[in-house]
Amino acid sequence: MSLSRRAGAVALGLALVVGADVGAAVRGHQVVVHRVVVTSVAAKPVRTPNATAAGTLPQQRAQHTADDEGFAFLDPPGANGEVDRWDPCVPIHYVLDVEIGPASAASDVAWAFAQVSKATGLRFVYDGPTAEQPDDRRVDVRHTRAGWRWAPVLVALVPDSVFHGKGLEADKDAVAYTDPRIYSDRQGDSQIVSAQVVVDADDLTDGGHSDPGALGPTLLHEFGHLVGLDHVHRSGEIMQVDGGGVTTYGPGDLAGLRYLGRAHGCIADPALPTDSKDFPHSKS
Ligand SMILES: [Zn+2]
């Protein structure tokens, strides 16, 4: 079968960072963006609108919804109004690498995924523990007995030495970061297909989710990036650049999660592992 999709890989590293004063609810943030531009993926020109009123084009409508409701997309909406998101009609698999961290790590991860699932309708499936190390050059496809699959989301809790070590581009003040793998087709539809979420377990205040610096809220922020949210400047939202000092999703966060989930239906032309730049003999 010939490929209908020439994929452009877009990797974004989004890092959650913590202030040096231990115990303070001050968190800074840095966003690192790496982008591979594939020239064949040209956005369709925006048609000249009949009306000049804002919000008449799908692209504008999507952006206004986000602005009005208090959330932000990872990338601006395409001309057709589509944004970076997972196919909500397919389960999202994840694996867990806990090198160190609170005893509650596995249940904190499950708890955080449950919050995202409740807000988005996305289904997350735990494939079990892994010894796989996070790596910014992580290959996004896997060959399994069932054939080629997108690599499962890797959630990794690592010591400070690994977090700031070779192969990871974590900001020096970062506590955690998320690196989603995104492909776009010629129609401008973008799909998140894999990701890694890396947490510096030495920088967490605790396990559980009663403290903004604990693992649970840290994951809520990172999982927001995982499903397609970027930072906002609005108090009460966990997607603020510093995590907002809160322990749960705020109203804008929840509106964004809803937008990126099942509410917008399946992706009509899902990206296939053969579209990956990491697929053997890929021309992408
Ligand atoms: Zn962030």
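Below, the structure is looked at part by part. Within each chain, residue numbers correspond to sequence positions counted from 1 in written order. Local features in a predicted model are, by the rule used here, given only for residues with pLDDT of at least 70; side-chain atom pairs are given and counted only at 80 or more, and totals for whole chains, interfaces and linings are based on all residues. Values shown for side chains rest on all heavy atoms present in the structure; no hydrogens or waters enter the calculation.

**Looking at the overall build of the chain**
Worth spelling out the cut-off: Helix and strand definitions follow DSSP, with helices as H or I runs of at least four residues and strands as E runs of at least two, each counted in order from the N terminus. For every residue, the accessible area obtained with a 1.4 Å probe (protein chains only) is divided by the maximum for its type, and the residue is called buried under 20%, exposed over 50%, and partly exposed between those limits. Two residues form a contact once any of their heavy atoms are found within 4.5 Å. For accessible areas, the Shrake-Rupley method is used with a probe of radius 1.4 Å. Any residue's cover is judged against the shown protein chains and nothing else.
Broken down by element type, the chain carries 5 helices and 11 strands. Sorting the 284 residues of the chain into buried and exposed places 50% on the buried side. Sequence-distant contacts in the chain: of pairs separated by 6 or more residues, those separated by 24 or more amount to 68%. Of the roughly 13,000 Å² that the chain leaves accessible, carbon and sulfur atoms contribute 53%.

**Overview of the state of the cysteines**
Note the following rule: Note on terminology: pairs of cysteine sulfur atoms within 2.5 Å are recorded as disulfides.
Tallied over the entire structure, the rule returns 1 disulfide. Each sulfur in the disulfide pair C89 and C266 lies 1.9 Å from the other. Judged by the sign of its S-S torsion, about -90 degrees, the cystine formed by C89 and C266 is left-handed. With a gap of 177 residues between them, C89 in the loop between β3 (72-73) and β4 (92-98) and C266 in the segment after α5 (251-260) connect regions that are remote in the sequence. Assessed through its relative accessible area of 47%, C266 is described here as partly exposed.

**Section: α5**
Burial within α5 is extensive, with 7 of its 10 residues counted as buried. Taken together, the buried positions of α5 are occupied by G252, D253, A255, G256, L257, Y259 and L260. Check the buried side of α5 and you find it contacts α1 (58-69), β3, α2 (105-120) and β11 (229-230).

**As for the nonpolar core**
Selection criterion: Definition used in this section: a nonpolar core is a set of buried Ala, Val, Leu, Ile, Met, Phe, Trp, Tyr and Cys residues joined via side-chain atoms within 4.5 Å.
In terms of nonpolar packing, the biggest core is built from 47 residues, with F124, V155, L219, F223 and L226 touching the most fellow members. Here this core gets 6 residues from one element, more than from any other, and that element is α2. Leave out the neighbours within four places in its chain, and V155 touches V95, L96, D97, V109, F113, V197, L219 and F223. Core analysis: the second largest hydrophobic core is formed by 10 residues, L154, A170, A174 and Y177 among them.

**Section: the packing of aromatic side chains**
We count it as follows: Ring pairs are drawn from Phe, Tyr and Trp, using the six-membered ring of Trp, whenever the two centres fall within 6.5 Å, and their geometry is named by plane angle: stacked under 30 degrees, edge-to-face over 60, tilted for the rest.
Applying the stated criterion across every chain, the model contains 10 aromatic pairs. Arranged with centres 5.7 Å apart and planes meeting at 45 degrees, the rings of F71 and Y259 form a pair that is tilted. Of this pair, F71 sits in the loop between α1 and β3 while Y259 sits in helix α5, and the two are 188 residues apart along the sequence. Each member of the pair F71 and Y259 is classed as buried. Taken together through their ring pairs, the aromatic side chains of Y94, F113, F124, Y126 and F223 make up a single cluster.

**Observations regarding the pairing of strand β10 (residues 190-200)**
Strand residues, when the strand is regular, have side chains that alternate between the two faces of the sheet. This is how it is decided: One requirement defines pairing of two strands: DSSP has to find at least two bridges between them.
Across the 11 residues that make up β10, a large majority, 11, are buried. In this sheet, β10 lies alongside strand β8 (residues 153-158) in parallel orientation, the contact comprising 5 bridges. Paired with A156 across the strands is V198, a residue of β10. In the sheet, strand β9 (residues 174-184) pairs with β10 via 9 bridges, with the strands oriented antiparallel. In the sheet register, P180 faces β10, and the bridge partner there is A195.

**Some words on the side chain of S184**
Formally: Each polar contact in these results corresponds to two N or O atoms within 3.5 Å; when the atoms are within protein, one needs to be able to donate a hydrogen and the other to accept it, and residues that are neighboring in sequence are counted only if both atoms are side-chain atoms.
Structurally, S184 is set in strand β9. Judged by its relative accessible area of 14%, S184 falls in the buried class. Of the polar contacts made by the side chain of S184, one reaches the side chain of S190; its length is 2.9 Å.

**A few points about the pattern of salt bridges**
When the charged atoms of two side chains with opposite charge come close together, those side chains can pair. Rule in force here: A pairing counts as a salt bridge when a side-chain nitrogen of Lys or Arg comes within 4 Å of a carboxyl oxygen of Asp or Glu.
Enumeration according to the criterion identifies 8 salt bridges in this entry. Across the pair R142 and E132 runs a salt bridge, and its minimum N-O distance is 3.0 Å. Here the residue R142 occupies a position in strand β6 (residues 141-144), and E132 occupies one in the loop between β5 (124-129) and β6, the gap between them amounting to 10 residues. Given the relative accessible area of 22%, E132 is considered partly exposed. Through salt bridges with shared partners, a single network forms among D140, R181, K277 and D278.

**So, the environment of F163**
As for its placement among the helices and strands, F163 is situated in helix α3 (residues 160-163). By relative accessible area, which is 0% here, F163 ends up buried. Each C-alpha atom of the pair F163 and D200 lies 5.7 Å from the other, and the pair is 37 residues apart in sequence. Excluding its chain neighbours within four sequence positions, the residues that come into contact with F163 are V158, L168, A170, A174, V175, A176, Y177, V198, V199 and D200.

Without other data, these values stay purely geometric and don't point to any function.
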